[in-house]
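# Residue-level structure breakdown
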Amino acid sequence: MSQQPDSERDPAGGGGDVVTTIARALREAADALGDASVEEPRREAATLLAATLARDRAYLIAHSDDALAPDALKLFRDGVRRRAAGEPTQYVTGRQEFYGLDFEVSPAVLIPRPETELLVETTLDLLRDVRAPRVCDVGAGSGCVAVALLHERADARAVAVDISADALRVAARNAARHAVAGRLALVASDCFAALDPSHKFDLIASNPPYVAEGDLDSLQREVREHEPRVALTPGGDGLSVIRRLLEDAPRFLREGGCLVFEIGFDQHEAVRRLIDARVWTLLEIHKDLQGIPRTVALRLNG
Ligand code: GLN
């Protein structure tokens, strides 16, 4: 870190205005975020400033003595205020990385979670020997699962459905951003309601809303107050969309096709009981990096 003073009189002598350097702006922001009990305030400040300047964090270190333009400073301070008031960082920056790709996010969509990468991995594994697979993503949100999949498998096509038209608009931009829009159809639909069962899929993937209504209060404040409720919980015990997937997916799958979906903490036993062994073969319930049973993989019986 530089030992120089990070705020000084404007050397151009412009009436003694105080110049705010990158280092000073970061310190100010870290203080404000720390006062608001945001965790890792320095890191958050750097993330927000890097996003404001459309640079990476290394740039901030290399340019810590540079003055910030007034417009950039105002934008940055607005972002810090929003973050300090409890908005998730990703809604302030409009960005989240998922499966190595940069995704646009807005309050219309759930912020992609690292554990959901397991849904993509499991899907890719199951499709390894299927040529030109057709995939359906139910409750696509930002489109992160479908887009990551299509990005990995150039021969795949997908249908992404979501009940929210606002979410689908975000998914469309993410598909375009990662050059897979030509292989992705976006459909406004409550689960399979608007789909034609004469078109069968090789695999149906879903990160459904699964939080039990009674557990909403125990979620982090950022999640509870800012992420779309429709993406988090279907109400009740949290399992109603999973029940519908298990019930309806067989009509949309080819023989031997797969259903892969994410579940919440402590739901695996309840979900196991919902699986009709005459219809499905349970392949595996994969654990996430924290050891939590997270991704259920099923094959439709022949
Ligand atoms: N994993 C999210 C959470 O715990 C919930 C996402 C979902 O319901 N699909 O906040």
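Quick caveat: nothing in here was measured; it's all calculated off a predicted structure. (Residues numbered from 1 in each chain as written. Predicted model: local features only at pLDDT ≥ 70, side-chain atom pairs only at ≥ 80, totals over all residues. Heavy atoms only, no water.)

## A look at the pattern of salt bridges
- Following the criterion strictly, the structure yields 21 salt bridges and no others.
- With a shortest N-O distance of 3.0 Å, Arg83 and Glu44 are connected by a salt bridge. With Arg83 in helix H4 (residues 70–84) and Glu44 in helix H2 (residues 41–53), this pair connects stretches of sequence that are 39 residues apart.
- On the basis of relative accessible area, Arg83 is assigned to the buried category, the value being 6%.
- Glu44 gets classed as buried once you look at its relative accessible area, which sits at 16%. (Salt bridge = Lys/Arg side-chain N within 4 Å of Asp/Glu carboxyl O. Helix = DSSP H or I, 4+ residues; strand = E, 2+ residues; numbered from the N terminus. Buried < 20%, exposed > 50% of the residue type's maximum accessible area, 1.4 Å probe, protein only.)

## Observations concerning the pairing of strand S6 (residues 157–162)
- The buried fraction of S6 amounts to five of the six residues, a majority that puts the element mostly inside the structure.
- Since strand S5 (residues 134–138) and S6 lie parallel, the crossover through helix H7 (residues 144–152) that links them has a hand, and here it is right-handed.
- With five bridges joining them, S6 and strand S7 (residues 184–188) adopt parallel strand pairing. Across the sheet, the residue bridging to Ala158 is Leu184, located in S7.
- This β-α-β element, S6 to helix H8 (residues 165–177) to S7, shows right-handed connectivity. (Right-handed = clockwise from strand over helix to strand, strands pointing away. Pairing = 2+ DSSP bridges.)

## Examining the pairing of S5
- With four of its five residues buried, S5 lies for the most part within the structure.
- Direction of pairing for S5 relative to S6: parallel, over a ladder of five bridges. Bridging from a neighbouring strand, Cys136 pairs with Val159 of S6.
- Pairing of S5 with strand S8 (residues 201–206) involves four bridges; the strand directions are parallel. What sits directly across from Val135, in S8, is Leu203.

## Topic: unusual backbone geometry
- At Tyr99, a position not held by glycine, the phi torsion is positive, near 50°.
- Residue Asp266 is not a glycine yet carries a positive backbone phi of 75°.
- Its location among the elements puts Asp266 in the loop between strand S9 (253–262) and helix H12 (268–274).
- For Asp266, a relative accessible area of 58% translates into the label exposed.

## Overview of the layout of surface pockets
- The computed volume of the largest pocket comes to approximately 1000 Å³.
- Contributing to the lining of the largest pocket are 32 residues, with Glu44, Arg83, Pro88, Thr89 and Gln90 lying nearest its centre.
- Elements with a minimum of two residues in the lining of the largest pocket: H2, H4, helix H5 (89–93), strand S3 (95–98) and helix H9 (221–226).
- For the lining of the largest pocket, the leading source of residues is H2, giving five residues.
- Class assignment of the residues belonging to the lining of the largest pocket gives a composition of eleven nonpolar, eight polar and 13 charged.
- Along the wall of the second largest pocket there are 30 residues; nearest its centre are Glu115, Tyr210, Glu262, Phe265 and Arg294.
- Sort the elements by how many residues they give to the lining of the second largest pocket and helix H6 (residues 117–126) lands first, with three residues.
- The residue inventory of the lining of the second largest pocket, partitioned by class, reads 15 nonpolar, six polar and nine charged. (1 Å grid on protein atoms, 1.4 Å probe; cavity = no way out; pocket = protein on both sides within 12 Å on 5 of 7 lines; lining within 4 Å. Points joined across faces, edges and corners; volume = space filled by probe spheres on them. Nonpolar A, V, L, I, M, F, W, Y, C, P; charged D, E, K, R; others polar.)

## Notes on the sheet that holds S9
- Across the sheet, which stays open at both edges, the seven strands sit in the order S7-S6-S5-S8-S9-S11-S10 with mixed pairing between neighbours. Each edge of the open sheet is held by one strand with a lone partner, namely S7 and strand S10 (280–287). Going across the sheet, the axis of each strand differs from the next one's by a mean of 15°, ignoring polarity.
- Relative to S7, H8 is tilted by about 175°, and along the sheet it contacts S6 and S7. (Axes fitted to C-alpha atoms, helices over the stretch in contact; angles between N-to-C directions. Contact = heavy atoms within 4.5 Å.)

## Overview of the site of the ligand
- As a structural note, the neighbourhood of the ligand is formed by Leu110, Arg113, Glu115, Asn207, Pro208, Pro209, Tyr210, Val211, Val223, Ala231 and Leu232.
- Between a nitrogen atom of the ligand and a main-chain N or O atom of Pro208, the distance comes to 2.7 Å.
- Take Leu232: an N or O atom from its main chain is 3.2 Å from an oxygen atom of the ligand.
- Relative to its unbound accessible surface of 300 Å², the ligand loses 88% to contact with the protein.
- Most atoms of the ligand, that is more than half of them, are within 2 Å of grid points of the second largest pocket.
- Its residues assigned to classes, the shell around the ligand comprises eight nonpolar, one polar and two charged. (Near = heavy atom within 4 Å. Polar contact = N/O pair within 3.5 Å; in protein donor to acceptor, adjacent residues only side chain to side chain. Areas by Shrake-Rupley, 256 points an atom, 1.4 Å probe, with all protein chains shown as cover. Sits in = over half its atoms within 2 Å of the grid points.)

## With respect to H2
- The end-to-end C-alpha separation of H2 is 18 Å, in line with the 18 Å expected for 13 residues at 1.5 Å each.
- Glu44, Ala45, Ala46, Leu48, Leu49 and Ala50 are the residues of H2 that are buried.
- Downstream of H2 by one or two residues, Ala54 has phi in the positive range, about 55°. (Expected span 1.5 Å × (residues − 1).)

## A short note on the environment of Thr122
- With respect to the element layout, Thr122 can be found in helix H6.
- Under the relative-accessibility criterion, Thr122 is labelled buried at 5%.
- Counting along the chain gives 138 residues from Thr122 to Val260, while the straight-line C-alpha distance between them is 7.6 Å.
- Discounting chain neighbours no more than four positions away, the residues touching Thr122 are Val260, His286, Thr295 and Ala297.

Honestly, it's all geometry; don't read function into it.
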